[in-house]
Amino acid sequence: MIARAEALDAADPLRPLRERFVLDDTVYLDGNSLGALPRSVPGRMAEVVAEEWGRLRIRSWTESGWDSAPERVGDRLAPLLGAAPGQVVVGDSTSVNLFKLLVGAVRLADDARDEILLDAETFPTDRYVAESAARMTGRRLRAVPAADLARAAGPRTAVALVNHVDYRVGELRDLPALTAALREAGALSLWDLCHSAGALPLALDRDGVDLAVGCTYKYLNGGPGAPAFAYVRSAHLPRFDTPLPGWWGHSEPFAMSPEYAPHAGIRRLRVGSPDLLSMAALEAALEAWDGVELAAVRAKSLALTDLFLEAVDALVEPGAVEPLTPAEHARRGSQVSLRHADAAGLLERLVARGVVADHRPPDVLRFGFTPLYTGFTETVRAAATLGALLAGEEER
Ligand SMILES: *Cc1c(COP(=O)(O)O)cnc(C)c1O
């Protein structure tokens, strides 16, 4: 199996992209939680600190493009999301953007639509935010398994908040079909793309997505706490009424007007002063995507997860772990989750042997595959290490 993996590495058209990242001998399968550091980032950070902050200081708001960085970086990200310019802004966290978009969606919908649908398997922050948004807007929150959301949407649904990929088991949802079904029911779609942005091709404009959020520190490698993105379909922008109308979303922030007048474009999603150092890191990190076709990324991601599943099957004692990730390509994100009763303890031993993955309580081990830098040989090595640990072999 190692020989086959080596041949796959040798034939991999994305293999040279690994050089764009700072990596070592660790088998890093946690890029779905925190992407590796792109080589383009440290130098750019040093320059931003010394030149833009250190020398130009306040002048950088205009002379270094700080003022428009959230929209500029949003437009830079847009092609990876399948979005035309002017619909993506970068800033705040995913959680904060979820709040803005969820309340904004209720305000876009007819008053008769008094319910918010929530993907029942959602990431916790999405649920917490949705509960508060529902309470604030006087809407009923109804959690429904993703597979039933299309049927559940009806004349009372204002918006459905759905995860594109389930963070625990790695199941990929049918975004085009569900978006169309929601639209058919007159409901808005709000997609959480945290585990798909940068992992697979997206076509938000073409698929008719209304609203979307996602983080940039996972598959997009923007760095710890990197600003998140928000997408609002251009047709909705003129009526989009944010619940957090800060001065940076104003049409003229420096007019210091007592009345709020939203900016005409995506800038109305902004709240307060942007986190420019993190934004600069993200902007530099996005250079790792130069010339990269997302179709090739997806093809490699599926090849990596296929190989890992096959290697686990071959190298791990039967029954020792249970794969939770769908075998079907159309339903698989870019991770493989395995169930094991002592997932936390197993993870600790894996990390000690140079295989970094992560664990979600109570019993899920997650392995993230980031095609820009994950290789086939190390993928087999990870499965072999897991197999050896489960067979009780001593560490050497
Ligand atoms: C990682 C993740 C988040 C993170 O939210 P932050 O506010 O950026 O910390 C939210 N939703 C999902 C589905 C995630 O996977």
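Residues numbered from 1 in each chain as written. Predicted model: local features only at pLDDT ≥ 70, side-chain atom pairs only at ≥ 80, totals over all residues. Heavy atoms only, no water.

- The name given to the chain in an unreviewed UniProt entry is Kynureninase, and the organism recorded there is Streptomyces sedi.
- Per UniProt, the comment on the chain under Cofactor (unreviewed entry) is "pyridoxal 5'-phosphate".
- UniProt, in the comment section headed Function (unreviewed entry), describes the chain in these words: "Catalyzes the cleavage of L-kynurenine (L-Kyn) and L-3-hydroxykynurenine (L-3OHKyn) into anthranilic acid (AA) and 3-hydroxyanthranilic acid (3-OHAA), respectively." (UniProt positions renumbered as here; feature names shortened; annotations may be inferred.)

Topic: the nonpolar core
Part 1: Counting residues in each nonpolar core, the largest one holds 54 residues, and the members touching the most others are Leu-77, Leu-81, Leu-193, Phe-229 and Trp-289.
Part 2: Elements represented by at least two residues in this core include exactly α4 (69-81), β4 (88-90), α7 (149-152), β7 (157-163), α8 (175-184), β10 (229-232), α9 (276-285) and α10 (294-315).
Part 3: The element contributing the most residues to this core is α4, with six residues.
Part 4: For this core, the domains that each give at least three residues are domain 1 (2-30 + 293-390) and domain 2 (44-289).
Part 5: Ignoring anything within four residues of it in the chain, the contact list for Trp-289 reads Arg-20, Leu-80, Gly-198, Tyr-219, Leu-220, Asn-221, Leu-294, Val-297 and Leu-372. (Core = buried A, V, L, I, M, F, W, Y, C linked by side-chain atoms within 4.5 Å. Buried < 20%, exposed > 50% of the residue type's maximum accessible area, 1.4 Å probe, protein only. Helix = DSSP H or I, 4+ residues; strand = E, 2+ residues; numbered from the N terminus. Domains from an automatic or database assignment. Contact = heavy atoms within 4.5 Å.)

Some details on the packing of α10 against helix α12 (residues 376-390)
Part 1: One way to put it is that α10 packs onto α12 with a least axis distance of 9 Å and a crossing angle of 30 degrees. For the element pair α10 / α12, the angle class is roughly parallel. Viewed along their axes, α10 and α12 form a crossing whose handedness is right-handed. For the pair α10 and α12, contact is made by Lys-300, Ala-303, Leu-304, Leu-307, Phe-308, Ala-311, Val-312 and Leu-315 and by Phe-376, Thr-379, Val-380, Ala-382, Ala-383, Ala-384, Leu-386 and Gly-387, respectively. (Axes fitted to C-alpha atoms, helices over the stretch in contact; angles between N-to-C directions. Parallel < 35°, antiparallel > 145°, perpendicular 65-115°, else oblique. Left-handed = near helix turned anticlockwise from the far one by under 90°.)

What about the side chain of Arg-233?
Part 1: Topologically, Arg-233 is positioned in the loop between β10 and α9.
Part 2: Apart from residues no more than four positions distant in its own chain, Arg-233 is found in contact with Gln-87, Arg-183, Leu-204, Asp-205, Gly-208, Val-209 and Asp-210.

As for a nonpolar patch on the surface
Part 1: A grouping of Val-49, Trp-53 and Leu-277 is seen on the molecular surface, where their side chains present a nonpolar patch of about 280 Å² in accessible area.
Part 2: Checked against the element boundaries, Trp-53 lands in helix α2 (residues 40-55). (Patch = residues over 30% accessible without salt bridge, like charges linked within 9 Å, V, L, I, M, F, W, Y side chains within 5 Å. Areas by Shrake-Rupley, 256 points an atom, 1.4 Å probe, with all protein chains shown as cover. Salt bridge = Lys/Arg side-chain N within 4 Å of Asp/Glu carboxyl O.)

Focus: the site of the ligand
Part 1: As a matter of local geometry, the ligand sits amid 13 residues, with Ser-95, Asn-163, Asp-192, His-195 and Lys-218 nearest to it.
Part 2: Here an oxygen atom of the ligand and a side-chain polar atom of Thr-94 are 3.2 Å apart.
Part 3: One of the side-chain nitrogen or oxygen atoms of Lys-218 is found 2.6 Å away from an oxygen atom of the ligand.
Part 4: Taking 390 Å² as the accessible area of the ligand by itself, protein coverage stands at 87%.
Part 5: Mapped by element, the contributors of at least two residues to the shell around the ligand are α5 (94-108) and α6 (124-137).
Part 6: Partitioned by chemical class, the residues of the shell around the ligand number four nonpolar, six polar and three charged. (Near = heavy atom within 4 Å. Polar contact = N/O pair within 3.5 Å; in protein donor to acceptor, adjacent residues only side chain to side chain. Nonpolar A, V, L, I, M, F, W, Y, C, P; charged D, E, K, R; others polar.)

Remarks on the pairing of strand β5 (residues 115-119)
Part 1: Among the five residues that make up β5, five are buried, leaving the element largely enclosed by the rest of the structure.
Part 2: Burial along β5 is two-sided: Glu-115, Leu-117 and Asp-119 facing one way and Ile-116 and Leu-118 facing the other are all buried.
Part 3: Pairing of β5 with strand β6 (residues 140-144) involves five bridges; the strand directions are parallel. Across the sheet, residue Ile-116 finds its bridge partner in β6, namely Leu-141.
Part 4: For the segment spanning β5, α6 and β6, crossover handedness is right-handed. (Pairing = 2+ DSSP bridges. Right-handed = clockwise from strand over helix to strand, strands pointing away.)

A short note on the UniProt feature "binding site: pyridoxal 5'-phosphate" (unreviewed entry) in the chain
Part 1: Per the UniProt annotation, the sites labelled "binding site: pyridoxal 5'-phosphate" (unreviewed entry) are Thr-94, Ser-95, Phe-123, Pro-124, Thr-125, Asp-126, Asp-192, His-195, Tyr-217 and Trp-247. With the annotated positions falling across 154 residues, the maximum pairwise C-alpha distance of 30.9 Å shows that they are not confined to a single cluster.
Part 2: Assignment of secondary structure puts Tyr-217 in the loop between β9 (211-214) and β10.
Part 3: Inspection of the secondary structure puts Trp-247 in the loop between β10 and α9.
Part 4: With relative accessibility at 38%, the residue Trp-247 sits in the partly exposed group.

Points about the UniProt feature "modified residue: N6-(pyridoxal phosphate)lysine" (unreviewed entry) in the chain
Part 1: Feature annotation in UniProt places "modified residue: N6-(pyridoxal phosphate)lysine" (unreviewed entry) on Lys-218, given in this structure's numbering.
Part 2: Among the structural elements, Lys-218 can be located in the loop between β9 and β10.
Part 3: Since its relative accessible area comes to 7%, Lys-218 is described here as buried.
Part 4: Beyond its immediate stretch of four places on either side in the chain, Lys-218 contacts Gly-31, Asn-32, Ser-33, Gly-35, Cys-194 and His-195.

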